[in-house]
Amino acid sequence: DQQVKQNSPSLSVQEGRISILNCDYTNSMFDYFLWYKKYPAEGPTFLISISSIKDKNEDGRFTVFLNKSAKHLSLHIVPSQPGDSAVYFCAVSNFGNEKLTFGTGTRLTIIP
Amino acid sequence: NAGVTQTPKFQVLKTGQSMTLQCAQDMNHEYMSWYRQDPGMGLRLIHYSVGAGITDQGEVPNGYNVSRSTTEDFPLRLLSAAPSQTSVYFCASSYGTGFEKLFFGSGTQLSVL
């Protein structure tokens, strides 16, 4: 039973526009949320995170939003660039927990 | 600085064969873990270790063994490979369970025929 779901396997966005990637989780005990980015033939790399005491965190072009009541988080990329084309995974945990649970991934393609 | 090194990059096995996927990190990280990536399933945790001599099971541990005799190395053993173990395997390490600093290797693509 998937605890973390990314319902869009793929997403295509025009260069310069906003990309919005979504992630839903089932366990309200999760309090620590991350996004990772993965290029082909490489391992994932950390992108941005947010704790449950916040509802928004920004880092340059990347913003993560957390809606705890809906158990939903999203990643906004503005403006989207060709180098953003990759697979994006959300991941969840609890502070101090030793396990990080990943979602199913969304392949983002930025169209020049 | 090598980071997390996985070997081999590619491997083809026959059903029933055994093999060990190697993972080494040179960052003195206490936490190490193994994930498998399958289409539509994302990354699933197989086993993890919070330090030398300590290992524990993740979400999909069946068919895999691990040990952690040193801080640097965390090998993953397949004792009797099955086609269901065809996957891409990633090793990752971090200083603790602060997962912003979870560093991944480049992966091992395994096919079991």
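Scroll up for the structure.
Since the model is a prediction, treat every value here as computed from it, not as a measurement. (Residues numbered from 1 in each chain as written. Chains lettered and ligands numbered in written order. Predicted model: local features only at pLDDT ≥ 70, side-chain atom pairs only at ≥ 80, totals over all residues. Heavy atoms only, no water.)

Q: Would you mind going over the interface of chain A and chain B in detail, with residue names and values included?
A: Counting residues at the interface gives 21 residues for chain A, matched by 20 residues for chain B. Here chain A and chain B share an interface that buries about 1700 Å² over both sides, 58% of which is from carbon and sulfur atoms. Where chain A packs against chain B, one counts zero salt bridges. Where chain A meets chain B, there are three residue pairs in polar contact (both at pLDDT 80 or more). (Contact = heavy atoms within 4.5 Å. Buried area = accessible area lost by both parts, 1.4 Å probe. Salt bridge = Lys/Arg side-chain N within 4 Å of Asp/Glu carboxyl O. Polar contact = N/O pair within 3.5 Å; in protein donor to acceptor, adjacent residues only side chain to side chain.)

Q: Let's hear about the sheet that holds strand β1 (residues 4-5) of chain A: which residues, and what values?
A: All names here are of chain A. Taking strand neighbours across the sheet as the criterion, the five strands line up as β1-β3-β8-β7-β6 in an open arrangement whose pairing is antiparallel. In this open sheet, the two strands that pair with only one neighbour each are β1 and β6 (56-59). As paired elements, β1 and strand β3 (residues 19-25) share two bridges and run antiparallel to each other. Within β3, the position partnered with K5 by the bridge is D24. (Pairing = 2+ DSSP bridges. Helix = DSSP H or I, 4+ residues; strand = E, 2+ residues; numbered from the N terminus.)

Q: Residue-level account of a nonpolar patch on the surface, with values.
A: A cluster of nonpolar residues, I18, I20 and V78 of chain A, forms a patch on the protein surface that exposes about 220 Å² of accessible area. With respect to the secondary-structure elements, I18 of chain A resides in the loop between β2 (10-14) and β3. (Patch = residues over 30% accessible without salt bridge, like charges linked within 9 Å, V, L, I, M, F, W, Y side chains within 5 Å. Areas by Shrake-Rupley, 256 points an atom, 1.4 Å probe, with all protein chains shown as cover.)

Q: Which residues make up the state of the cysteines, and what are the values?
A: All names here are of chain A. Inspection of every chain in the model, using the stated rule, returns two disulfides over all chains. One disulfide bridge connects C23 with C90, the sulfur atoms lying 2.0 Å from each other. Linking C23 and C90, the disulfide has an S-S dihedral of approximately 65° and is accordingly described as right-handed. Of the two residues, C23 sits in strand β3 while C90 sits in strand β9 (residues 86-93), which places them 67 residues apart along the sequence. For C23, a relative accessible area of 0% translates into the label buried. (Disulfide = S-S within 2.5 Å. Buried < 20%, exposed > 50% of the residue type's maximum accessible area, 1.4 Å probe, protein only.)

Q: Tell me about the pattern of salt bridges, and please be specific about residues and values.
A: Using the criterion set out here, one finds five salt bridges over all chains in the structure. Between D38 of chain B and R36 of chain B there is a salt bridge, with its nearest N and O atoms 2.8 Å apart. Given the relative accessible area of 12%, D38 of chain B is considered buried. When salt bridges that share partners are traced, they join K37, R61 and D84 of chain A into one network.

Q: Would you mind going over the pairing of strand β7 (residues 62-67) of chain A in detail, with residue names and values included?
A: One face of the sheet, then the other: side chains in a regular strand alternate in exactly this way. All names here are of chain A. One ladder, built from four bridges, connects β6 with β7; its direction is antiparallel. Among the inter-strand pairings, D59 is bridged to a residue of β7, identified as F62. Two successive antiparallel strands, β6 and β7, enclose a turn made up of two residues, where G60 displays a positive phi of approximately 65°. In this sheet, strand β8 (residues 72-77) lies alongside β7 in antiparallel orientation, the contact comprising six bridges. Looking at β8, one finds that L66 is bridged to L73. Linking β7 back to β8 in an antiparallel pair, the connection comprises four residues, with K71 at a positive phi of about 55°.

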